[in-house]
Amino acid sequence: MKALKDKILTEGIVLSDHVLKVDSFLNHQIDPFLMMEIGKEFANRFKEAKVTKILTIESSGIAPAVMTALTLNVPVIFARKRKSLTLIDDLLTAPIYSFTKKETNEISVSNKFIEAGDQVLIIDDFLANGEAANGLVTIVKEANAHVAGIGIVIEKSFQNGGKKLRELGYRVESLAKIQTLANGKVNFANEEAPLK
Ligand code: 5GP
């Protein structure tokens, strides 16, 4: 997605060979116009997938997930990273190891919001080793629902999350695929899913 790649090139900061900082439009300050475009793009790519719910994880997945949900006209559920006093329903849970924080958290979703038979589109900001996306897949399965697909804003193709998820048979659509972050520069992968 060109607008996203341009934004990454102008505002992204390469922190290391493995980490890209995009806190001026996605991870801290949010560019609502770009998020709207991202939402329309995901909605278009998954328009045939009969999505009934969108599942993401707090906090940076929420903006692109909500924008996608507006176009697909479905609700958004975000998995919580910490236990909440008000989250007292039966919970669907999964452990995930955080790449950026280097710690394992149990994520949870009330079983009230994902039902057997739901077609769930998983959305997240980054895909690295696939821990977060895998945790969300686990939650969908615990609910006896179906994964309609996985939409990622920025995939780092040099880490193996995308490969693992695709080998498991999931449709993963990434709007920007980064081949390397070597020498302080962002290099995009040439291949990108065609616009439909
Ligand atoms: P994974 O679970 O696929 O290993 O990593 C994805 C999660 O870690 C995302 O939810 C994102 O929050 C965080 N993450 C992984 N790599 C990066 C990165 O390069 N930059 C930022 N800002 N977040 C990242």
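Chains are numbered independently. Their residues run from 1 in the order of the written sequence. Per-residue local features are limited, in this predicted model, to residues with pLDDT of at least 70; the limit for side-chain atom pairs, both in listing and counting, is 80 or more; totals at the level of whole chains, interfaces and linings are taken over all residues. As a rule here, side-chain values come from all non-hydrogen atoms in the structure, and water together with hydrogens is ignored.

**Q** Just checking my understanding: could you explain the sheet that holds strand β7 (residues 119-127) for this structure?
**A** Strands belonging to one sheet form pairs held by backbone hydrogen bonds; the direction of such a pair is parallel or antiparallel. If DSSP finds at least two bridges between two strands, the strands pair. A helix here means a DSSP run of H or I that spans at least four residues, while a strand means a run of E at least two residues long, and both kinds are numbered starting from the N terminus. Read from one edge to the other, the open sheet built from six strands follows the order β4-β3-β7-β8-β9-β10, with strand pairing classed as mixed. Of all the strands in the sheet, the pair left with one neighbour each is β4 (76-79) and β10 (187-188). Here β7 runs beside strand β8 (residues 146-156); their pairing, made up of eight bridges, is parallel. Following the sheet pairing, leucine 121 is matched in β8 by glycine 149. By the convention used here, residues are in contact when the closest approach between their heavy atoms is within 4.5 Å. Axis geometry follows a simple rule: fit a line to the C-alpha atoms, using only the stretch in contact for helices, then measure angles between N-to-C directions, giving values from 0 to 180 degrees. Against the sheet, helix α1 (residues 2-11) engages β8, β9 (172-180) and β10, with an angle of about 35 degrees to β9.

**Q** Honestly, the UniProt feature "binding site: 5-phospho-alpha-D-ribose 1-diphosphate" (unreviewed entry) in the chain in this entry has me stumped. Any pointers?
**A** Within this numbering scheme, the UniProt entry marks Ala128, Asn129, Gly130, Glu131 and Ala132 as carrying the feature "binding site: 5-phospho-alpha-D-ribose 1-diphosphate" (unreviewed entry). Along the chain, glycine 130 turns up in the loop between β7 and α4 (131-142). Residue glycine 130 is classed as buried on the basis of its relative accessible area, which comes to 4%. On the accessibility criterion, glutamate 131 (35% relative accessible area) is partly exposed. When residues no more than four places from it in sequence are discounted, the contact partners of glutamate 131 are Ile96 and Tyr97. UniProt positions are given in the numbering used here, feature names are shortened, and annotations may be inferred rather than shown by experiment. Relative accessibility thresholds used throughout: buried, under 20% of the residue-type maximum; exposed, over 50%; partly exposed, between the two (1.4 Å probe, protein chains only).

**Q** It is not clear to me how the pattern of salt bridges should be interpreted in this structure. Could you clarify?
**A** Working definition: two side chains of opposite charge can pair if their charged atoms are close together. When a carboxyl oxygen of Asp or Glu lies within 4 Å of a side-chain nitrogen of Lys or Arg, that pair is called a salt bridge. Counting across every chain of the model gives 12 salt bridges. As a salt-bridge pair, glutamate 41 and arginine 45 come within 2.8 Å of each other at their nearest N and O atoms. A residue pair is termed a helical-turn pair when its members lie 3 or 4 positions apart in one helix, as glutamate 41 and arginine 45 do in helix α2 (residues 32-45) at four residues. Across the pair, exposure class does not vary: glutamate 41 and arginine 45 are buried alike. Where glutamate 155 meets arginine 166, a salt bridge forms, and the shortest distance between an N and an O atom there is 2.9 Å. Linking glutamate 155 in strand β8 with arginine 166 in helix α5 (residues 161-167), this pair joins segments that are 11 residues apart in sequence. Judged by its relative accessible area of 3%, glutamate 155 falls in the buried class.

**Q** What exactly am I supposed to notice about α2 here?
**A** What a helix is expected to span follows from its residue count: subtract one and scale by 1.5 Å. In this model, α2 (14 residues) spans 20 Å end to end at C-alpha, consistent with the 20 Å of a helix rising 1.5 Å per residue. Taken residue by residue, α2 has Leu34, Met35, Ile38, Gly39, Glu41, Phe42, Ala43 and Arg45 as its buried positions. Of the surrounding secondary structure, the elements contacted by the buried residues of α2 are α1, α3 (62-72), β7, β8 and β9. Between a side-chain oxygen at the N-terminus of α2 and the backbone nitrogen of phenylalanine 33 the separation is 3.0 Å; the capping residue is aspartate 31. Here a polar contact is taken to be a pair of N or O atoms separated by no more than 3.5 Å, where protein atoms must pair a possible hydrogen donor with a possible acceptor and residues adjacent in sequence count only if both atoms sit in side chains.

**Q** Teacher, can you tell me more about α4 here?
**A** Residues separated by three or four positions in an α-helix point in the same direction, a consequence of the helix having 3.6 residues per turn. Here α4 spans 16 Å end to end across 12 residues, near enough to the 16 Å set by a 1.5 Å rise per residue. Among the residues of α4, those classed as buried are Ala133, Gly135, Leu136, Val137, Ile139 and Val140. Asparagine 144 sits one or two positions beyond α4 and adopts a positive phi of about 60 degrees.

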